[in-house]
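A structural walkthrough
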Amino acid sequence: MAKIIVVTSGKGGVGKTTSSAAIGTGLALSGHKTVIVDFDIGLRNLDLIMGCERRVVYDFVNVINGEANLKQTLIKDKRVENLFILPASQTRDKDALTKEGVEKVLNELAKDFEFIICDSPAGIEAGAMMALYFADEAVVVTNPEVSSVRDSDRILGMLSSKSRRAERNEDAIKEHLLLTRYNPERVAKGEMLSVEDVQEILAIPLIGVIPESQAVLNASNSGQPVTLDQESDAGQAYLDTVSRLLGNNVDFRFLTVEKKGLLKRIFGG
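From a predicted model like this one, the values you see are computed outputs, not experimental measurements.

Taken over all residues, the pLDDT of the protein chain has a mean of 92, while the share at 70 or more is 94%. Mean pLDDT per element in the protein chain: helix α13 (residues 262-267) is the minimum at 54, and strand β4 (residues 83-86) is the maximum at 98.

With that settled, consider the pattern of salt bridges. Scanning the model with the defined rule gives 12 salt bridges in all. Across the pair D136 and R165 runs a salt bridge whose closest N-O atoms are separated by 3.0 Å. Note that D136 is positioned in the loop between α6 (126-133) and β6 (137-142) and R165 in helix α8 (residues 164-167), a separation of 29 residues in sequence. The shortest N-O distance in the salt bridge between D240 and R253 comes to 3.0 Å. One end of the pair, D240, is in helix α12 (residues 233-245); the other, R253, is in the loop between α12 and α13, with 13 residues separating them in the sequence. Of the residues examined, R253 reaches a relative accessible area of 36% and is grouped as partly exposed.

To continue, consider helix α10 (residues 195-202). Buried residues of α10: V195, V198 and L202, and no others. One side of α10 holds all its buried residues, which, seen down the axis, span an arc of 70°. Facing away from the buried surface of α10 by more than 90 degrees, the exposed residues are E196 and E200. Those residues of α10 that are buried are in contact with β6, α7 (146-161), β7 (174-182) and β8 (206-211). A positive backbone phi angle near 55° is found at A203, which sits one or two residues after α10.

Now for α7. Taking 1.5 Å per residue as the helical rise, α7 with its 16 residues ought to reach 22 Å, and the 23 Å between its terminal C-alpha atoms agrees with that figure. Among the residues making up α7, those that are buried are S148, V149, S152, I155, L156, M158 and L159. Axial view of α7: buried residues confined to an arc of 160°, hence all on one face. Every exposed residue of α7 that faces more than 90 degrees away from the buried side is listed here: V146, R150, R154 and S160. In this structure, the buried side of α7 is in contact with β1 (3-8), α6, β6, β7 and α10.

About the cut-offs
Residues numbered from 1 in each chain as written. Predicted model: local features only at pLDDT ≥ 70, side-chain atom pairs only at ≥ 80, totals over all residues. Heavy atoms only, no water. pLDDT = per-residue confidence, 0-100. Helix = DSSP H or I, 4+ residues; strand = E, 2+ residues; numbered from the N terminus. Salt bridge = Lys/Arg side-chain N within 4 Å of Asp/Glu carboxyl O. Buried < 20%, exposed > 50% of the residue type's maximum accessible area, 1.4 Å probe, protein only. Arc of directions from axis to C-beta. Contact = heavy atoms within 4.5 Å. Expected span 1.5 Å × (residues − 1).

Written out as structure tokens, the structure reads:
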């Protein structure tokens, strides 16, 4: 039985697609057959982050409309076994996603995959609502700033009231908090909300804290999920997140200011 996980946020630019790519890649690295589905019709960034933009021939909307099948459309990742991408369309409107069409595609994917990661557009418009509607679990991505957290709180309201599970009066979507671009030094100066502040406001379980890191930008620019950079702090933090998502008990890292040694204090870095 496939597990459908939506990666969502209320605000744009918080690292949602980066997180979808990183989590999907981490699950595949752990041996689970995984597909990442881009729901951001009209923008389509997932294939860029995954470095497969030149391999896109057909897209999600083509499959919904019966213009192509999944075998023609799914892109197999060249670096990681068990990882596939279903790209979005750049030329269609978000209304091209119909509930019936999306359900049909997800049901078909569920026959072959253990995890279906739905990379949601930001906010609460049609594409975002479609991405969360069929979810079993949700990773709510937020930055440690007031506006981002407030918008995430709004998404939590949608998850509890607008999903298929809510309509059917079934068990609620399992919610997880993923905090990105976290900088302990700025938290200490009072320039950024702390992990505890965000948890207090949103009141959902914390699944990961991703440090502010140049590695994330480098990975995006090179078309490589940051999870593959296992030497980087961000790559390690995403792998920890995936491990928790799989039910493992993993200590949180990168939450405190790193104490610099004498040489670092003298020479910088």
